[in-house]
Amino acid sequence: HPFHFIPGLIRHRNRLLHIITLDKGHSFAASKLRATVPCDSCGAVRCIFSDNDVDTKKGPSTIILERLVGQLENGYICGNPINEDGGLFVKRQIRCGDFIESQYYNPSSGVKGGRIVTKDICAICYETEEIVQIDEIRKKRDVGGKNPLLICRHCFNKNFEIPCS
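Caption draft 1: Representation of the side chain of Ser50 in the model. The topology assignment puts Ser50 in strand S2 (residues 45–50). A distance of 2.8 Å separates polar atoms of two side chains, one belonging to Ser50 and the other to Arg34. When neighbours within four sequence positions are excluded, Ser50 is seen to be in contact with Lys32, Arg34, Pro60, Gly87, Leu88 and Phe89.

Below you can see the structure in the form of structure tokens.
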């Protein structure tokens, strides 16, 4: 049968639609970033969010956050589910090789509402050295009026498409 691959595509599409549904109930705003964890497979730094500040009445406790981060550092792959009982969550749609989430980067408005400070990292290759600043990216590349994410000098010089938020 020439279309033997279609059932596999349908299963993949249905699985993706289910994951999108799981992400819908969450707010992935930069101000909701509480921690980060590296992926064991691709090395990308991924974001852990909560709707409420840590150690507030509705928010997760510091102990729950630290316990979760410790568990994930012993094994986490992009997009895998985490135990959301403590009010913490990750983007389920993220996959290995995807750009760093735009919410990872420190917002120009500053750190508010319990948001953590993050280290500059290349959105494409996850390198932390020789990061090109946003002003230079805007000056030398057409980003169509969007907000470019940070990239390293190597990716910039290779003329890779600039990921934007």
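Caption draft 2: Spotlight on the environment of Tyr76. Within the secondary structure, Tyr76 is located in the loop between helix H2 (62–73) and strand S3 (88–89). The class for Tyr76 is buried, based on a relative accessible area of 2%. Spatially, the C-alpha atoms of Tyr76 and Ser41 are 8.1 Å apart, while their sequence positions differ by 35 residues. If near-sequence neighbours (up to four positions away) are discounted, Tyr76 is found in contact with Val37, Pro38, Cys39, Asp40, Arg46, Ile82 and Val90.

Caption draft 3: Examining the sheet that holds S2 more closely. One open sheet accounts for three strands, arranged S1-S2-S3; its pairing is antiparallel. Looking at the sheet topology across the chains shown, the edges are occupied by strand S1 (33–38) and S3. Note that S1 and S2 share five bridges and pair antiparallel. Residue pairing across strands places Thr36 opposite Cys47, the latter belonging to S2. Set on the sheet, H2 makes contact with S1, S2 and S3; between it and S1 the angle comes to about 20 degrees.

Cut-offs and rules
Residues numbered from 1 in each chain as written. Predicted model: local features only at pLDDT ≥ 70, side-chain atom pairs only at ≥ 80, totals over all residues. Heavy atoms only, no water. Helix = DSSP H or I, 4+ residues; strand = E, 2+ residues; numbered from the N terminus. Polar contact = N/O pair within 3.5 Å; in protein donor to acceptor, adjacent residues only side chain to side chain. Contact = heavy atoms within 4.5 Å. Buried < 20%, exposed > 50% of the residue type's maximum accessible area, 1.4 Å probe, protein only. Pairing = 2+ DSSP bridges. Axes fitted to C-alpha atoms, helices over the stretch in contact; angles between N-to-C directions.

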